[in-house]
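So the chains spell out like this:
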Amino acid sequence: MASKSFVSPSLAPPPSFSARRTCSSLSTCLLPSCGRNFSPLSLSNRVPYSWESSKRRNGLITLCSGTEGSGEVEEVPIEKQFPAFPTVLDINQIRDILPHRFPFLLVDRVIEYNPGVSAVAIKNVTINDNFFPGHFPERPIMPGVLMIEALAQVGGIVMLQPEVGGSRENFFFAGIDKVRFRKPVIAGDTLVMRMNLVKLQKRFGIAKMEGKAYVGGEVVCEGEFLMATGSG
């Protein structure tokens, strides 16, 4: 039975695409335009797709495995396929910036940080979070208001800097607008949150920010935020 080729629909090349490279020293290629003849590829020995195992060449992603003539496929264990998030600010550094403490500190790690401009942070949502016993006992869903609070805390990390004028003794969540909840967030998800400063009125101590929260690359929550800053 001839092997079948597969490329994720979101990654498929346009109809006019012509491959400039073909796979060399490879016994299995999942690229339709490669043009090499390979031995049959069964479902049992396909290597799971991951960004780590893909190769980007000339705007092309090629999914390959094995060595020519070996008849073997090197499988990458799933636990090795997903790299960890980078750490720009760890939890101790976050605690130095934010005044929040358990059970209301909703930011675990900052993975990108431009003080006074933007920040990207994560919240690991676990069944041990104290809101799950009541929301809901049979279907644990993170409350939307807490996603908004988590985003506001990321905004606090952006703004609570001496050069920006923020003070942890006088920094408040002043308002929200255009908030939308796209999908439920459940225990086991990793909430990835981005907050960008849109406008800062130092004279009045008001910061306007935009925020989005993601799970698996899909937006689950978004909105506009107003923060009130002060000198303490």
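Quick notes on the rules
Residues numbered from 1 in each chain as written. Predicted model: local features only at pLDDT ≥ 70, side-chain atom pairs only at ≥ 80, totals over all residues. Heavy atoms only, no water. Helix = DSSP H or I, 4+ residues; strand = E, 2+ residues; numbered from the N terminus. Areas by Shrake-Rupley, 256 points an atom, 1.4 Å probe, with all protein chains shown as cover. Expected span 1.5 Å × (residues − 1). Buried < 20%, exposed > 50% of the residue type's maximum accessible area, 1.4 Å probe, protein only. Salt bridge = Lys/Arg side-chain N within 4 Å of Asp/Glu carboxyl O. Core = buried A, V, L, I, M, F, W, Y, C linked by side-chain atoms within 4.5 Å. Contact = heavy atoms within 4.5 Å. Pairing = 2+ DSSP bridges. Axes fitted to C-alpha atoms, helices over the stretch in contact; angles between N-to-C directions. pLDDT = per-residue confidence, 0-100. Phe/Tyr/Trp six-rings, centres within 6.5 Å; stacked < 30°, edge-to-face > 60°.

Peer 1: Account for the overall build of the chain, with residues named and values stated.
Peer 2: Helices and strands together make up the secondary structure of the chain, namely two helices and nine strands. Starting at the N terminus and ending at the C terminus, the chain contains elements arranged as β-β-β-α-β-β-α-β-β-β-β. Counting every atom, the chain has about 13900 Å² of accessible surface; 52% of that belongs to carbon and sulfur.

Peer 1: Hey, could you go over helix H2 (residues 144-159) for me, with residue numbers and the actual values?
Peer 2: Residues three or four positions apart in an α-helix share a direction because the helix packs 3.6 residues into each turn. Taking 1.5 Å as the rise per residue, H2 with 16 residues should run 22 Å; its terminal C-alpha atoms sit 23 Å apart, in good agreement. Counting buried positions over the 16 residues of H2 gives 15, a clear majority of the element.

Peer 1: Residues and numbers for the pattern of salt bridges, please.
Peer 2: Going through the model one piece at a time under the given rule, you end up with five salt bridges. Residues Arg182 and Glu222 are paired through a salt bridge, measuring 2.6 Å at the closest nitrogen-oxygen approach. Of this pair, Arg182 sits in the loop between strand S6 (172-181) and strand S7 (190-201) while Glu222 is found in strand S9 (residues 218-228), placing the two residues 40 residues apart along the sequence.

Peer 1: Could you give me a rundown of the nonpolar core, with the residues and numbers involved?
Peer 2: Membership of the largest hydrophobic core comes to 40 residues, with the highest contact counts inside it found for Ile94, Met142, Ile157, Val185, Leu191, Val220 and Met227. Residue assignment for this core shows that the elements contributing at least two residues are helix H1 (91-97), strand S4 (109-114), strand S5 (118-124), H2, S7, strand S8 (206-215) and S9. Among the elements that take part in this core, H2 stands out by supplying ten residues, more than any other. Met227 has contacts with Ala152, Gly155, Phe171, Phe172, Phe173, Ala174, Met195, Gly205, Ile206, Ala207 and Met209, leaving out every residue within four places of it along the chain.

Peer 1: Just give me the short version of the side chain of Glu224, but keep the residues and values in it.
Peer 2: Summarising the element assignment, Glu224 is placed in strand S9. When its relative accessible area of 17% is taken as the criterion, Glu224 is described as buried. Residue contacts for Glu224: discarding those within four places in its chain leaves Gly175, Ile176, Asp177, Lys178, Lys208, Met209 and Glu210.

Peer 1: I'd like to hear about unusual backbone geometry, residue by residue, with values.
Peer 2: Cis peptide bonds are those with omega within 30 degrees of zero, and the linkage from Phe102 to Pro103 qualifies with 5°. Structurally, Pro103 is set in the loop between H1 and S4. In this chain, His135 is followed by Phe136 through a cis amide linkage whose omega measures -5°. Structurally, the position occupied by Phe136 is in the loop between S5 and H2.

Peer 1: Please set out the sheet that holds S5 residue by residue, giving values where relevant.
Peer 2: Pairing in this open sheet of six strands is antiparallel, and the strands run S4-S5-S7-S8-S9-S6 from one edge to the other. If you trace the sheet from one side to the other, it starts and ends with S4 and S6, each paired once. Looking at each pair of strands side by side, their axes are set apart by 20° on average, direction ignored. Pairing of S8 with S9 involves ten bridges; the strand directions are antiparallel. The partner of Gly211 across the bridge, within S9, is Gly223.

Peer 1: Mind laying out the environment of Ala207, listing which residues take part and the relevant values?
Peer 2: As for its placement among the helices and strands, Ala207 is situated in strand S8. Ignoring sequence-local partners within four residues, the contact set of Ala207 consists of Met159, Leu197, Lys199, Leu200, Phe225, Leu226 and Met227.

Peer 1: Hey, could you go over the confidence of the model for the chain for me, with residue numbers and the actual values?
Peer 2: Averaged over all residues, the pLDDT of the chain equals 76, while 65% of them reach at least 70. Confidence drops under a pLDDT of 50 for residues 1-65, and excluding neighbours within four residues, the segment shows 86 contacts in the predicted structure.

Peer 1: Can you tell me about the packing of aromatic side chains, naming the residues and giving the values?
Peer 2: For the structure shown, the criterion picks out two aromatic pairs. Considering the side-chain rings of Phe173 and Phe225, the 5.8 Å spacing of their centres and the 25° angle between planes classify their relative orientation as stacked. Residue Phe173 is located in strand S6, and its partner Phe225 is located in strand S9; the two are separated by 52 residues in the primary sequence. A residue is classified by how much of its surface remains accessible, and Phe173, at 37% relative accessible area, is partly exposed. Residue Phe225 is classed as buried on the basis of its relative accessible area, which comes to 1%.

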